[in-house]
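Architecture at a glance
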There are 2 protein chains.
Amino acid sequence: MYRLRTLLLGSPLPTAGLSHEKIGKFKALAAFSPDALSSIAYANQEIFLGLAVAGSAGLGFTFSLGIIITAILAIVALSYLQTIHEYPSGAGSYIVAKENLGEFAGLLAAAALMLDYLLVGAVSLTAGVEALASAFPALFPYRVVMSLGILLFITILNMRGLQETGTVMSIPVYFFIGSFFLMIIVGLVRMATTPSIPFSPNLPAAQPLSILILLRAFASGSTALTGVEAISNGVPVFKKPESINAGITLIVMSVLMGFLFLGTLGLTQYFGIVSQGEETILSALSRHLFDNAFWYYLIQISTLAMLSVAANTAFAGFPRIAAILAEHRYLPSQLKALGDRLVFANGNLLLAAATAFLIILFRGDSHSLIPLFAVGAFTAFTLSQAGMVRHWIRKKTGGWRTKAFINGLGALTTGAVVIIVGVGKFIQGAWITLIIIPLIIYFFLRVHHHYDKIGEQLSLKGLPPELKPYPKLRFVMPISGVHRGIFQAVDFARSISKNLIAVYVEVEPGAGDRVRKKWEEWFPDLTLKIIPSPYRSIIEPFIDFLDRYDEEVNDGQLAAVILPEFVTEGFWGNILHNQMAWLMKFALLYRRRKKGYQQVIVDVPFHVREE
Amino acid sequence: MYRLRTLLLGSPLPTAGLSHEKIGKFKALAAFSPDALSSIAYANQEIFLGLAVAGSAGLGFTFSLGIIITAILAIVALSYLQTIHEYPSGAGSYIVAKENLGEFAGLLAAAALMLDYLLVGAVSLTAGVEALASAFPALFPYRVVMSLGILLFITILNMRGLQETGTVMSIPVYFFIGSFFLMIIVGLVRMATTPSIPFSPNLPAAQPLSILILLRAFASGSTALTGVEAISNGVPVFKKPESINAGITLIVMSVLMGFLFLGTLGLTQYFGIVSQGEETILSALSRHLFDNAFWYYLIQISTLAMLSVAANTAFAGFPRIAAILAEHRYLPSQLKALGDRLVFANGNLLLAAATAFLIILFRGDSHSLIPLFAVGAFTAFTLSQAGMVRHWIRKKTGGWRTKAFINGLGALTTGAVVIIVGVGKFIQGAWITLIIIPLIIYFFLRVHHHYDKIGEQLSLKGLPPELKPYPKLRFVMPISGVHRGIFQAVDFARSISKNLIAVYVEVEPGAGDRVRKKWEEWFPDLTLKIIPSPYRSIIEPFIDFLDRYDEEVNDGQLAAVILPEFVTEGFWGNILHNQMAWLMKFALLYRRRKKGYQQVIVDVPFHVREE
């Protein structure tokens, strides 16, 4: 077990090894952009699927929707630019919402964000596999297994810790950017050289074009914006001056994003591209432009690689927000422990399990995950921007009106998107989010309440400075017979107290006499009590005896129990012994909890060797 | 949980309630015959399936095979009649084989017998459901679920204990005997009144008739004999004179058995009955005679009821043989514990789980279970009879030659059947038995070896009469901070020893100083040791410290560890605490096992309340 673990995850790393390395803009772009840039893969697909319902008439709106979404991208990016300069320590939606709008808004943002991270993983992986399956249709039936396989790989990488792989990660990112640039340029050249292709997708309409269809396509397509916030969370890792460098990176990323998004959408509409069967629209575009050549396959593979890197960003974000929430006592404290590879191992595992669950539940279909994704992401956006508005109003520094206006515009726009998604996509899955987010918040509050209660009880406030002397101890020792296994326990008990009663629970009528005879032979000076057990249970009669004994003596404490315990080796030992000591401990701890008294249990193990 | 248990299984019964009721021949026949009598259901079916391969030519041998098998039945019954008189205490194949042929033959018989019981359950249930599905073909696809449903019902009945249901059980048994008598008489009358029906099943042959086909049909058909040994195991429950009454019951049962078996086979051949599709041959015969009338359905239902009762005999036999083997230390001792309803609850559950596994594995198809069944049953027969031969040779009482001859004939005949089944049905499943039985025997021997080893180590032999005085104790107490949770543990430790060291493992650099300050404020007289943990593990540095400390002091013992343990309530408490105390105990018990020393652990719980 241990060796396998070391092979997969590497050996433990000391705390002193925590890296505080700062990164430049080139590496930072590769680290923070994959989520945002790769979202064109599913956003384009959603716009196509949404508009194709209305046939050719619907597809005529492709580029127009693209322009609207890109405009919102500009607003959101500007909004976050302000956050970057105002919170140079890196503040996610949770912190901004909590500080400015109060606990509840903070928790709402945190819940939305955690859901968002889960869905980044699930959507990116499934969309990536769909891109690959477009090029190799034989893989389509295996997309759940393939998504899970990539997830497993990413999980192992993240359990090892990713410090050293920052540079490696840049390769697929710049490979993706380069290959998509190439495709768009090829497309533009083709446009220029063959000027007379009219828009004619020639697709029959399933429904007449309506506002609802356009709104739905917009709602799903707006997932193109997911990931824009990433840089604002990571400002401290930039080289100095952090905020300036982070801001420049954000601008570069947003421009790149707009170019790729509008470029692909425009070409799709111009050439009247329509995808058929299980193929994605980006694949159809690339196939049209490269005519099934080598370059086409390159584009599909780079899409899968980029989406896998994007899924990885969930592993950067989720465990960190979970650790912050655990620090604030809204999540179990296990989530804040750094594992022996200096990663939040529990958070990683929780994320991996939940993502796998989503992939299996939605059968590896990115399209059905999108409505959930959009609600989570845009709720977090809205709260974060609204928090900034409040921040400016409170602070009233120079130019606060303009700044509040920009963040307000961001909040309004993204809030509108939340409502459009929530209503337009309600039946398609947005309702799930509206149930899950309140449940998550309830969980946060319940956990918080629990830790508060425990904290009160552990507090030293009001404890008298003088501790009362501990009364004379009484010991009771259950025995299963007179054999070597109990001698060490008797030895131990004798060395600390003369007040010891051994108890034998007699299941088989008559066995008690034999035990007493042997006992008197070896321990004539010690008391042995024999308790009949007409119902053949061992534990209940023993606990009853303890309760009666405590009641009789009534000295303000419970008798301590000395348990002679067999400890066996290996497989055979474990299946062949009826774990009586464990059951007994459990019963003692939980059934004998009396107000103000504690049940002390002394384990005296007897090691039994095999062979 | 407890209430559901009581509702299903009834309240606990005292040991004094163990029934020693004796039963008369009428009830005894109902108690011991179902397994034997009901086997005509699958034996007839197997003979038909086996011979039908060779078409009409094959089916012409139906009655002849029946006569051969009935002759063997007579030999086996005579053989067991001698066992009954010689072992009035009731001796199964295991005891007879062990006493007369030695340990290994006994274990072989025991393994064969346990397998036999598992298969009685699986074969009877599936054959019963097949009988019902013959009448109601719509049920056919649900036969696995239906078999499991009946199994569950029988399991619950047996977990409650069956003492009071002996009389109730007689109803389906005599109902079955009566309804089959009726059918055979109707058939014979029909034969007499319509004398000129020739034998003409008119079935095309898939293979030419061969000796191998006949042998295979015989091998499978011989499962008609299973269950004949039941009475010999239960002699003590008969009214006095036990052996005489048991012997008479055995003779009555065997005659009944022969009549039902030959009667149904003879009629099947005479009327040229052929079953089609999923129907059983007995159903086809009954349908032919009663022409789909009410009586037909009655026969099918009585068959299902009888087979269910037969499956129940496995619950009477399996847990008892398992308990005897556990008593002899060949099986885990849990199997010999009487549950609170005075039944061998663990044996019942093991049997139910294994039977369910077989039903699911073989998809509820009795035909594919038969080869395994025959090997197990006839191996036990052979060993039991061979043991009797040895018994007579040793004893040499009056007429021992004749008696040895009869048992010898029994052993030879049943041994021949084992070989015929093993070879003829090798590919169809007999090979599985040949793998499983040795595995079971290996398991028996391994368990025995383990208990022997433990027994040696627990023995008081050679223990010095004077116990060495226990040396002065040293205590070490790990703490997670200075809070109320550790005060009671400190109290306890102080009351028994002044030699106490508290240990704080410092995961977060700097936390140690804060803990030391608080510690010195509250316990200025006690030592606190702070151990840095660069790899953030709590347990390893603590265990390392203990090891070093013991090495330094070197007083011939290990330091005892006092564990202040949080005990929380309910769901929230359990998920929100990282069970450090349990992990610590585990590490202490298993990692600190030193030759000759024992690791004493003192648990001082601190109960934390919710609300």
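The structure displayed is predicted, hence computed values, not measured ones.

**Some thoughts on the interface of chain B and chain A**
- If you look at the interface, chain B gives 57 residues, while chain A gives 57 residues.
- Sorting the residues of the side of chain B that touches chain A by element identifies helix 18 (426-458), helix 19 (487-496), helix 22 (570-576) and strand 5 (601-607) of chain B as the ones contributing at least two each.
- A per-class count over the side of chain B that touches chain A returns 31 nonpolar, 15 polar and 11 charged.

**Some remarks on the environment of Met306 of chain A**
All names here are of chain A.
- As for its placement among the helices and strands, Met306 is situated in helix 14 (residues 294-327).
- In sequence terms Met306 and Leu37 are 269 residues apart; their C-alpha atoms lie 8.5 Å from each other.
- Apart from the residues lying within four places of it in its own chain, the contact partners of Met306 are Pro34, Leu37, Ser38, Pro172, Val173 and Phe176.

**Regarding the sheet that holds strand 3 (residues 527-532) of chain A**
- Strand order in this open sheet of 10 strands is 3(A)-2(A)-1(A)-4(A)-5(A)-5(B)-4(B)-1(B)-2(B)-3(B), and the pairing throughout is mixed. Each edge of the open sheet carries a strand with a single partner, namely strand 3 of chain A together with strand 3 (527-532) of chain B. Taking the axes of each pair of neighbouring strands and ignoring which way they run, one obtains an average angle of 30 degrees across the sheet.
- Note that strand 4 (residues 560-567) of chain B and strand 5 of chain B share seven bridges and pair parallel. Each residue of the ladder has a partner; that of Leu563 of chain B, found in strand 5 of chain B, is Asp603 of chain B.

**Focus: the pairing of strand 1 (residues 475-479) of chain A**
Residues and elements named next belong to chain A.
- By the criterion of burial, strand 1 is predominantly enclosed, with five of the five residues buried.
- Across the two faces of strand 1 the burial is the same, with Phe475, Met477 and Ile479 and Val476 and Pro478 all buried.
- As paired elements, strand 1 and strand 2 (residues 500-506) share five bridges and run parallel to each other. Residue pairing across strands places Ile479 opposite Tyr504, the latter belonging to strand 2.

**Some details on helix 15 (residues 345-361) of chain A**
Residue and element names in this part refer to chain A.
- For helix 15, spanning 17 residues, the distance from its first C-alpha to its last is 24 Å, which sits close to the expected 24 Å at 1.5 Å a residue.
- Residues of helix 15 that are buried include every one of Ala345, Asn346, Gly347, Asn348, Leu350, Leu351, Ala352, Thr355, Leu358 and Ile359, and no others.
- The elements touched by buried residues of helix 15 are helix 7 (103-135), helix 8 (143-160), helix 14 and helix 16 (366-395).
- Looking one or two residues past helix 15, Arg363 carries a phi angle of roughly 50 degrees, positive in sign.

**So, the relation of the copies chain B and chain A**
- For the match of chain B to chain A, the screw axis carries a shift of 0.1 Å, the RMSD comes to 0.2 Å, and the turn is 179 degrees. The superposition of one copy onto the other is thereby described by a two-fold rotation axis. Within chain B, the C-alpha atom positioned nearest to the axis of rotation is that of Val602 of chain B, 2.2 Å from it.

**Focus: the packing of helix 5 (residues 62-86) of chain B against helix 12 (residues 242-270) of chain B**
All names here are of chain B.
- Their axes nearest at 10 Å, the elements helix 5 and helix 12 cross at an angle of 175 degrees. Here helix 5 is positioned roughly antiparallel relative to helix 12, judged by the angle of their axes.
- Class assignment of the residues belonging to the contact of helix 5 with helix 12 gives a composition of 12 nonpolar, 11 polar and no charged.

**Brief notes about the confidence of the model for chain A**
- The predicted model of chain A averages 86 in pLDDT, with 92% of residues at 70 or higher.
- Prediction confidence for the complex, expressed as pTM and ipTM, is 0.69 and 0.71 respectively.

**Quick notes on helix 3 (residues 34-52) of chain B**
- When the terminal C-alpha atoms of helix 3 of chain B are compared, their 28 Å separation across 19 residues agrees well with the 27 Å that a helix rising 1.5 Å per residue should span.
- Burial runs high along helix 3 of chain B: 18 of the 19 residues are buried.

**Re the pairing of strand 2 of chain A**
All names here are of chain A.
- With five of seven residues buried, strand 2 lies mostly within the body of the structure.
- Since strand 1 and strand 2 lie parallel, the crossover through helix 19 (residues 487-496) that links them has a hand, and here it is right-handed.
- Where strand 2 lies against strand 3, six bridges are found, and the strand directions are parallel. Residue pairing across strands places Val503 opposite Lys529, the latter belonging to strand 3.
- This β-α-β element, strand 2 to helix 20 (residues 511-522) to strand 3, shows right-handed connectivity.

Procedures and definitions
- Residues numbered from 1 in each chain as written.
- Chains lettered and ligands numbered in written order.
- Predicted model: local features only at pLDDT ≥ 70, side-chain atom pairs only at ≥ 80, totals over all residues.
- Contact = placed C-beta atoms within 7 Å.
- Helix = DSSP H or I, 4+ residues; strand = E, 2+ residues; numbered from the N terminus.
- Nonpolar A, V, L, I, M, F, W, Y, C, P; charged D, E, K, R; others polar.
- Pairing = 2+ DSSP bridges.
- Axes fitted to C-alpha atoms, helices over the stretch in contact; angles between N-to-C directions.
- Buried ≥ 20, exposed ≤ 12 C-beta atoms within 10 Å, placed from the backbone.
- Expected span 1.5 Å × (residues − 1).
- Least-squares fit on C-alpha atoms with pLDDT ≥ 70 in both.
- Parallel < 35°, antiparallel > 145°, perpendicular 65-115°, else oblique.
- pLDDT = per-residue confidence, 0-100.
- Right-handed = clockwise from strand over helix to strand, strands pointing away.

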